[in-house]
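One-letter residues, chain by chain:
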Amino acid sequence: MDFKRIEVIFLIVFFSLDIFLFLSFRNSQQLVSNTSTNTSTVTEMRKRNISFGSLDSKSGYAYYLGTQPNDDLEENSSKLQGQKVQYEEVNHTLASTLDSPISVTTSNRKKIMDKFIKKESNILYGKNYKYAPQLSTHSQMVYVTTSNLGDVYDKTAQLIFTISDGEVLGYTQTYVRSMIILHERQSIKSEKDVITNLYANSEIPNNSKIAYANLAYTKLLEAKGSTIYIPVWFVTIKNKDSKVSTTKKVNAFTGNIIKSSTNGDSSYNAQ
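**Q** Just give me the short version of the nonpolar core, but keep the residues and values in it.
**A** Counting 42 residues, the largest nonpolar core has I195, I204 and V235 as its most contacted members. Of all elements in the fold, only α2 (35-47), β7 (140-147), α5 (191-200), β13 (208-223), β14 (226-239) and β16 (257-258) reach the threshold of two or more residues within this core. Of the residues forming this core, the biggest block, eight residues, is contributed by β14. Beyond its immediate stretch of four places on either side in the chain, I195 contacts M45, L55, I204, I210, A213 and V235. In terms of nonpolar packing, the next biggest core, distinct from the first, is built from 22 residues, F116, Y143, F161 and I163 among them.

And the structure:
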């Protein structure tokens with residue numbers, strides 16, 4: 001890998017990143033983030049039949065990360081067996097149809113597919129992915145890229161299996177080779193801060209349940225052929241009556257609620 005070239009590209013990206021940091025900081029001043037109000041907010045949420053477990057009030061740290069696209073999937077696709085594959089160069093996506101569909105049930109599909117992805121003739125770089133129930137549905141199993149820096153909840157780094165009538169038919173895959181830290185670590189909002197802010201902004205309705213609250217990286221922007229990722233809280237809220245789940249995304253640095261992004265807010269019946 002030409003690290004000199006990558007360094008030059010990311011130096012250019014820093015200018016737009018610094019502007020974004022300034023605007024995010026300014027916008028974050030408008031948020032409800034006073035720790036002294038969190039306890040009373042939690043009590044009010046319980047009175048309105050909003051269910052959740054113990055909320056972590058500890059603030060952690062995260063980074064701005066960057067990466068460049070690669071064609072590793074295409075270059076290594078000849079290693080795959082028992083499937084027909086196509087590669088889409090624009091989005092660097094590998095699409096596969098299995099020669100023999102895999103029978104699964106709701107209860108055993110994770111165990112079966114966890115084993116399946118570990119074999120390189122089945123899935124390239126499968127050991128770099130882990131199952132993400134928060135992003136999965138009845139008809140899709142979503143695996144996300146994971147590393148020592150964290151998980152990536154983004155379509156640029158996912159393995160998605162398609163399921164129909166109890167059978168896994170095939171998958172699409174995107175892959176991120178490595179992440180580069182672009183900025184020194186920064187403190188992030190705690191799980192408790194994020195959820196109480198969502199409630200204060202009328203994003204959590206009465207008679208609902210916080211099904212998931214996970215921290216992961218997702219794409220912020222693309223610049224000069226590089227992709228920049230930021231840490232985001234993914235909070236899934238399930239309506240107790242309709243059973244429909246909606247996932248809200250919150251910038252972990254600023255606490256700003258992300259109304260629109262590359263992936264958009266998703267509504268689905270989570271598994």
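**Q** Tell me about a negative patch on the surface, residues and numbers included.
**A** A grouping of E74, E75, E88 and E89 is seen on the molecular surface, where their side chains present a negatively charged patch. Structurally, E88 is set in strand β4 (residues 83-88). With a relative accessible area of 33%, E88 lands in the partly exposed category.

**Q** Can you break down the pattern of salt bridges residue by residue, with the values?
**A** Under the definition given, this model contains nine salt bridges. The salt bridge involving K130 is made with D151; its shortest N-O contact spans 2.9 Å. Of this pair, K130 sits in strand β6 (residues 129-131) while D151 sits in strand β8 (residues 150-152), and the two are 21 residues apart along the sequence. With relative accessibility at 38%, the residue K130 sits in the partly exposed group. Owing to a relative accessible area of 13%, D151 belongs among the buried residues under this scheme. The salt bridge partner of K248 is E203, with a shortest N-O separation of 3.1 Å. One end of the pair, K248, is in strand β15 (residues 245-251); the other, E203, is in the loop between α5 and β13, with 45 residues separating them in the sequence. With respect to burial, K248 and E203 carry one shared label: buried. Through salt bridges with shared partners, a single network forms among E203, K248 and K259.

**Q** Break down the pairing of β4 for me, with residues and values.
**A** In this structure, β4 lies alongside strand β5 (residues 93-103), joined through six bridges in antiparallel fashion. Bridging across to β5, Q86 finds its partner in A95. Linking β4 to β5, which pair antiparallel, is a turn of four residues; within it H92 sits at a positive phi near 55°.

How each quantity is defined
- Residues numbered from 1 in each chain as written.
- Predicted model: local features only at pLDDT ≥ 70, side-chain atom pairs only at ≥ 80, totals over all residues.
- Heavy atoms only, no water.
- Core = buried A, V, L, I, M, F, W, Y, C linked by side-chain atoms within 4.5 Å.
- Buried < 20%, exposed > 50% of the residue type's maximum accessible area, 1.4 Å probe, protein only.
- Helix = DSSP H or I, 4+ residues; strand = E, 2+ residues; numbered from the N terminus.
- Contact = heavy atoms within 4.5 Å.
- Patch = residues over 30% accessible without salt bridge, like charges linked within 9 Å, V, L, I, M, F, W, Y side chains within 5 Å.
- Areas by Shrake-Rupley, 256 points an atom, 1.4 Å probe, with all protein chains shown as cover.
- Salt bridge = Lys/Arg side-chain N within 4 Å of Asp/Glu carboxyl O.
- Lys, Arg positive; Asp, Glu negative; His and termini not counted.
- Charge placed at Lys NZ, Arg CZ, Asp CG, Glu CD.
- Pairing = 2+ DSSP bridges.

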